[in-house]
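# Close look at the chain arrangement
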Amino acid sequence: MQEEGHESERWVGYVDWRNRPALRSKHGGMVAASFVLVVEIMENMAFLANASNLVTYLAEFMHLSPSVSATTVTNFMGTAFLLALLGGFLSDAVFTTYHIYLISALLEFLGLVILTVQAKSPTLKPPACRIPAASHAPCQEVSGGKAAILFAGLYLTALGVGGVKGSLPAHGAEQFDENTARGRKARSTFFNYFVFCLSCGGLVAVTLVVWVEDNKGWQWGFGISTLTILLSVPVFLAGSATYKNKIPTRSPVTTIAKVLVAAILNRRCRHNPINAVIDMAPSPVKTIEVDAKEEVRDDEGPNAELKCLNRAVEGKPMHGALLCTAKEVEDVKQAATMDTRVGGLTVPPASLPVFPVVFIMLLAPLYDHAIVPFARRVTGSETGISHLQRIGFGLALSIVAMAVAASVEAKRKRVARAASLLDSAEPLPISFFWLALQYLFLGSADLFTLAGTLEFFFSEAPAGMRSLATSLSWASLAMGYYLSSLLVAVVNDVTGRGNRQAWMAGRSLNHYHLERFYWLMSALSSFNFLHFLFWANRYRYRSTGSKL
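For clarity, every value in this text was computed on a predicted model and none was experimentally measured. (Residues numbered from 1 in each chain as written. Predicted model: local features only at pLDDT ≥ 70, side-chain atom pairs only at ≥ 80, totals over all residues. Heavy atoms only, no water.)

Looking now at the overall build of the protein chain. In terms of helices and strands, the protein chain carries 16 helices and five strands. Residues classed as buried in the protein chain amount to 50% of the 548 residues present. Long-range contacts, defined as pairs at least 24 residues apart, comprise 79% of the intrachain contacts of the protein chain with a sequence gap of at least 6. Total accessible area on the protein chain stands at roughly 24800 Å², and carbon and sulfur atoms take up 65% of it. (Helix = DSSP H or I, 4+ residues; strand = E, 2+ residues; numbered from the N terminus. Buried < 20%, exposed > 50% of the residue type's maximum accessible area, 1.4 Å probe, protein only. Contact = heavy atoms within 4.5 Å. Areas by Shrake-Rupley, 256 points an atom, 1.4 Å probe, with all protein chains shown as cover.)

Turning our eyes to something else, we now look at the packing of aromatic side chains. Under the defined criterion, the tally for this structure stands at 26 aromatic pairs. Ring centres of Phe151 and Tyr155 lie 6.5 Å apart, and the angle between their planes is 25°; on these two criteria the pair is classed as stacked. With Phe151 and Tyr155 both in helix H7 (residues 144-173), this residue pair falls four residues apart, about one helical turn. With relative accessibility at 32%, the residue Phe151 sits in the partly exposed group. Residue Tyr155 is classed as partly exposed on the basis of its relative accessible area, which comes to 29%. (Phe/Tyr/Trp six-rings, centres within 6.5 Å; stacked < 30°, edge-to-face > 60°.)

Secondary-structure assignment places Leu124 in the loop between helix H6 (97-120) and H7. A sequence separation of 18 residues divides Leu124 from Val142, and the C-alpha atoms of the two residues are 9.3 Å apart.

A separate point is the packing of helix H2 (residues 30-51) against helix H9 (residues 218-238). It is the contact of H2 with H9, at a shortest axis distance of 9 Å, that shows an interaxial angle of 165°. Taken together, the axes of H2 and H9 lie roughly antiparallel to each other. By crossing handedness, the relation of H2 to H9 is classed as left-handed. Within the contact between the two elements, H2 uses Phe35, Val38, Val39, Met42, Glu43, Met45, Ala46, Ala49 and Asn50 and H9 uses Trp218, Gly221, Phe222, Ile224, Ser225, Thr228, Ile229, Leu231, Ser232, Val235, Phe236 and Ala238. (Axes fitted to C-alpha atoms, helices over the stretch in contact; angles between N-to-C directions. Parallel < 35°, antiparallel > 145°, perpendicular 65-115°, else oblique. Left-handed = near helix turned anticlockwise from the far one by under 90°.)

Now for helix H15 (residues 466-495). Compared with the 44 Å implied by 1.5 Å per residue over 30 residues, the 43 Å span of H15 between its first and last C-alpha is a close match. Maximum bend of H15: about 30°, positioned at Ser473. (Expected span 1.5 Å × (residues − 1). Bend = angle between axes of the 7 residues up to and from the residue.)

Here the focus is the environment of Thr97. When you line up the elements, Thr97 lands in helix H6. Beyond its immediate chain neighbours, meaning those up to four positions away, Thr97 contacts Ser91, Ser167, Ala170, His171, Glu174, Asn245 and Ser467. At a separation of 2.9 Å, a polar atom in the side chain of Thr97 contacts the side chain of His171. (Polar contact = N/O pair within 3.5 Å; in protein donor to acceptor, adjacent residues only side chain to side chain.)

Looking now at the pattern of salt bridges. Enumeration over the complete set of coordinates arrives at nine salt bridges. One salt bridge connects Asp493 with Arg497, and the closest N-O pair in it is separated by 3.0 Å. Ionic contacts of the salt-bridge type, sharing partners, join the residues Glu40, Glu43 and Lys165 into one network. (Salt bridge = Lys/Arg side-chain N within 4 Å of Asp/Glu carboxyl O.)

As a further point, take a nonpolar patch on the surface. On the surface, a cluster of nonpolar side chains totalling about 470 Å² of accessible area is made up of Leu82, Met479, Leu483, Leu486, Val490 and Val494. Along the chain, the position of Leu486 falls in helix H15. (Patch = residues over 30% accessible without salt bridge, like charges linked within 9 Å, V, L, I, M, F, W, Y side chains within 5 Å.)

Two elements in contact, helix H5 (residues 84-93) and H15, have axes separated by 7 Å at closest approach and are oriented at 170°. Put simply, H5 runs roughly antiparallel to H15. Across the interface between the two elements, Ala84, Leu85, Gly88, Phe89, Ser91 and Asp92 of H5 pack against Arg466, Ser467, Leu468, Ser471, Leu472, Trp474 and Ala475 of H15. The residue makeup of the contact of H5 with H15, split by class, is seven nonpolar, four polar and two charged. (Nonpolar A, V, L, I, M, F, W, Y, C, P; charged D, E, K, R; others polar.)

Another point: the side chain of Ser240. Within the element layout of this structure, Ser240 appears in the loop between H9 and strand E3 (244-246). Residue Ser240 is classed as buried on the basis of its relative accessible area of 11%. For Ser240, the side chain forms a polar contact with the side chain of Tyr98, separated by 2.7 Å.

A few words now on the side chain of Arg187. Here Arg187 is to be found in helix H8 (residues 181-215). Beyond its immediate stretch of four places on either side in the chain, Arg187 contacts Ala173, Phe176, Glu178, Phe458 and Ser459.

Ranked by size, the top nonpolar core spans 69 residues in total, and within it Tyr57 and Phe190 carry the most contacts. With ten residues, the single largest contributor to this core is H8. Sequence-distant contacts of Phe190, that is, excluding residues within four places in its chain, are made with Met30, Ala33, Val36, Leu37, Pro169, Gly172, Ala173 and Phe176. Counting 17 residues, the second-largest nonpolar core is a separate cluster that includes Ala401, Ala405, Leu442 and Val491. (Core = buried A, V, L, I, M, F, W, Y, C linked by side-chain atoms within 4.5 Å.)

Even without being glycine, His63 reaches a positive phi, approximately 60°. Along the polypeptide, His63 turns up in the loop between helix H3 (54-60) and helix H4 (66-82). Its relative accessible area of 10% is what places His63 among the buried residues. Backbone geometry places Asn499, a non-glycine residue, at a positive phi of 60°. Of note, Asn499 is situated in the loop between H15 and helix H16 (514-536).

So, on to the confidence of the model for the protein chain. Per-residue pLDDT for the protein chain averages 75, and the proportion of residues at 70 or more is 70%. The element-level mean pLDDT for the protein chain is lowest in strand E4 (residues 287-289), coming to 34, with H6 highest at 93. Every residue in residues 269-299 scores below 50 in pLDDT, and together they form 61 contacts with partners more than four places removed in sequence or on other chains. (pLDDT = per-residue confidence, 0-100.)

With respect to the element layout, Ala241 can be found in the loop between H9 and E3. Considered as a pair, Ala241 and Ala32 are 209 residues apart in the sequence and their alpha carbons are 8.5 Å apart.

This paragraph deals with H9. With 21 residues, H9 ought to run about 30 Å at 1.5 Å a step, and its terminal C-alpha atoms sit 31 Å apart, in line with that. Turning to H9, its buried residues number three or more, namely Trp218, Gly221, Phe222, Ser225, Thr226, Thr228, Ile229, Ser232, Val233 and Phe236. Projected onto a plane normal to the axis of H9, the buried residues spread over an arc of 160° and lie on a single side. Those residues of H9 that are exposed and aimed more than 90 degrees away from the buried face are Trp220, Leu227 and Ala238. Next to the buried residues of H9 lie H2, H3, H6, H7 and H8. (Arc of directions from axis to C-beta.)

Structural data, given as structure tokens:
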């Protein structure tokens, strides 16, 4: 394992690539990153194996109501992704991505052990429900110490998942040399295959493991997940000799806060000509690396963007702790201009998650080995398709996906009406493969947006904030989970006024107005896309090889 320090080459450790340039040129970090990709398959399988079917477990074995079960799962998923910010922060400021993954995998393992033991032991669950269905009497809902065990297991798992999501993508991306075109291209390939491997784990989770849970028992499903996350640790450790790790710097949040406070306080001291930039001595000149092509020198002032923050280096600071460098100001500006909202309002139905997963697995290699090389030849740029163009294309596909979903739902209801089955529980004479079309667009949108945002945040963020910035991709998903429940509630409240039937209510799904809801989602996605375009057209890349 190597660590990135402050030497000119910035890498020291068990394997010194500087003495083995041929090996580094040949593999470009992909050997080390391959361990990360295998681990991602295992970790995402362990996570999604339970998350995709958890509503059933909570309703049938913990006797929570359908609405409470769905809300619990939504909060669990949202919290797991939101905690990626914590994992990213700790990876940048305290530990390395290497150590955060190991700690997080252990936490996830412990959480799954708790859930497995509870699923196995009848005494840790509410008594089985033997009340006849005709009585409509509620079963005994999980409560007290049993509920505490359940939620301790869930949220310890969520804490571990968040740490993994916040550290693993950045750890893999750190293995590539961003100072060469070959290394940057290999890093782009890594992000594509990271999403591919994420989908591979999801495919196993929603097919094999879900079948085991439904047919052999939930203790076996939880047990498989527990064993998988445990085995991911030695797989990850097996690559230790090839890894290189960035030495954590000061907290990026501290840097941001210091610059903002200094900028505000220095508004009152602008008459003082003394410059507060550190290390202003003309010799020797101190340079700080920003990216492969640019350097911000501490004897140069900050640029003209977001001029209000330039006050952080103007005038004598009120306290020595508020001394700011031009580099710190530029880092904060970079973080402030990032658009982190990426398709957060659309969540695919949990009953058929295999479709988008399969489409992502098919499209990821096609994109990396066919579309990108073709785009490079056409545009002459290193990336072929810029990060923001890729994200924008994914957002456009999400608009199409919601429009297709609305059209398919309208067709489904027409079939139900024509067959006089609006009030029947019988299956409708329409193949569920009609849903595959919308999932084709959703899977494509996920591939473009998730891989695009992961690479965009890592490439464009300051070196000391990369793990935290990459975690914003997962945080946007968390916001989507939280907002999905809120959006449904708001839509029902608005559309149900005046004694009208709410769009998402009725005797059965056939009486819902899902097609209207999908059209609304398409409209909101369109607004999201336009909002993205507004800021993307004004964004100036700081990394090499990416142009809008």
